[in-house]
Every structure is written in structure tokens, then in C-alpha cells.
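Okay, here's what each chain looks like letter by letter:
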Amino acid sequence: MITLKRSQKQILAFKFWIFSALCLVAVQGGAAIIGQMPAHGDVLYITTEPCTAENGRIEPNWYFSYSVNSLGSVTRSCYVRYNDQIWIKGPYGTESTFPMSYFAKPSASDSGKTEQGSDVKQ
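Cut-offs and rules
- Residues numbered from 1 in each chain as written.
- Predicted model: local features only at pLDDT ≥ 70, side-chain atom pairs only at ≥ 80, totals over all residues.
- Heavy atoms only, no water.
- pLDDT = per-residue confidence, 0-100.
- Contact = heavy atoms within 4.5 Å.
- Helix = DSSP H or I, 4+ residues; strand = E, 2+ residues; numbered from the N terminus.
- Polar contact = N/O pair within 3.5 Å; in protein donor to acceptor, adjacent residues only side chain to side chain.
- 1 Å grid on protein atoms, 1.4 Å probe; cavity = no way out; pocket = protein on both sides within 12 Å on 5 of 7 lines; lining within 4 Å.
- Points joined across faces, edges and corners; volume = space filled by probe spheres on them.
- Nonpolar A, V, L, I, M, F, W, Y, C, P; charged D, E, K, R; others polar.

A. The arrangement of the confidence of the model for the protein chain in detail. In this model, the protein chain carries an average pLDDT of 74, and 62% of its residues clear a pLDDT of 70 or more. When the criterion is pLDDT under 50, residues 24–29 qualifies, and its contacts beyond four places in sequence or with other chains add up to one contact. Here residues 111–122 is a poorly scored stretch, pLDDT under 50, and it has 25 contacts once near neighbours within four places are set aside; other chains count.

In C-alpha cells, the structure reads:
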């Protein structure tokens, strides 16, 4: 049996709380998850919610995306769709490009999320 130190349990509980809050805001804010993709051990989600800069300004044509690893840690990013490609700007200036065909629509049973959006606006 694996036992965790108290501080590690608190960190995992805090990460779970952050993920839960993020999901709650996304569901109530009307940000439909329009695609998900397993990538490097994480699950990458793209939504219909406009992405905002750190200063609160809405970035034109950019949308909110995030990835969740197996421990429940959430990493925020923004993406733009260009032709049939998804270009993701992650934290610390990282950039990735994936074909849109890699993203599957989440099933209705995925954490109770519904498919509200059908496509990304350009």
C-alpha cells in the first residue's frame, strides 16, 4: 500500500479542487468542450470560450484550451484554428500544432459534459 505524506495529500487535494472549479466554471460559463485528444500522457481539451490574456483582455480569434494529466494537474493554454490545424500556445511560450482530425468530440458520459458547440468560429 502506498502512503503519501500529509503535504502531498494536501497538494493532490488542492489540484483536484482547482480542476473541479475549472470544470464548474467551464460548464456554467457556457464553454462547450468541442474536442479532446490524448497527448503525451495528458488529455488536451479545446473549448468555445474566448481566451483572455493575463491582463484580462480578450484575445481576438483565440480560444481557451487546457490539458489534464493523470494526477489531475491542469495546464491552461490558448488555441487558434487555422484551416484544419489547431495551433496551441501553452505556458512559458511553448507552441504545438495538431491536425483537427486528432480531436474527437467528448461523449456525453465524460464527466457529465454536454456537447454544446459544434465548430470553432474563425
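Alright, that's what it looks like, and here's the rest.
B. Broad picture of the environment of Y66. Residue position: Y66 is located in strand β3 (residues 58–68). The spatial distance from the C-alpha of Y66 to the C-alpha of Y45 is 5.4 Å, given a sequence separation of 21 residues.

C. Spotlight on the side chain of T47. Relative to the helices and strands, T47 is located in strand β2 (residues 42–52). Polar side-chain contacts of T47 include one of 3.3 Å to the backbone nitrogen of E49. A polar side-chain atom of T47 sits 2.7 Å from the main-chain carbonyl oxygen of F64.

D. The layout of surface pockets, seen in detail. Looking at the largest pocket, its volume works out to about 310 Å³. Lining the largest pocket are 17 residues; nearest its centre among them are D42, L44, S67, I88 and S96. Of all the secondary-structure elements, those providing two or more residues to the lining of the largest pocket are β2, β4 (74–82) and β6 (95–99). Residue classes in the lining of the largest pocket are distributed as five nonpolar, nine polar and three charged. In this structure, the second largest pocket encloses a volume near 240 Å³. Forming the boundary of the second largest pocket are C51, T52, A53, E54, E59, W62, R76, S77, C78, K89, G90 and P91. Sorting elements by how many residues they give to the lining of the second largest pocket places β4 first, with three residues. Within the lining of the second largest pocket, the residues separate by chemical class into five nonpolar, three polar and four charged.

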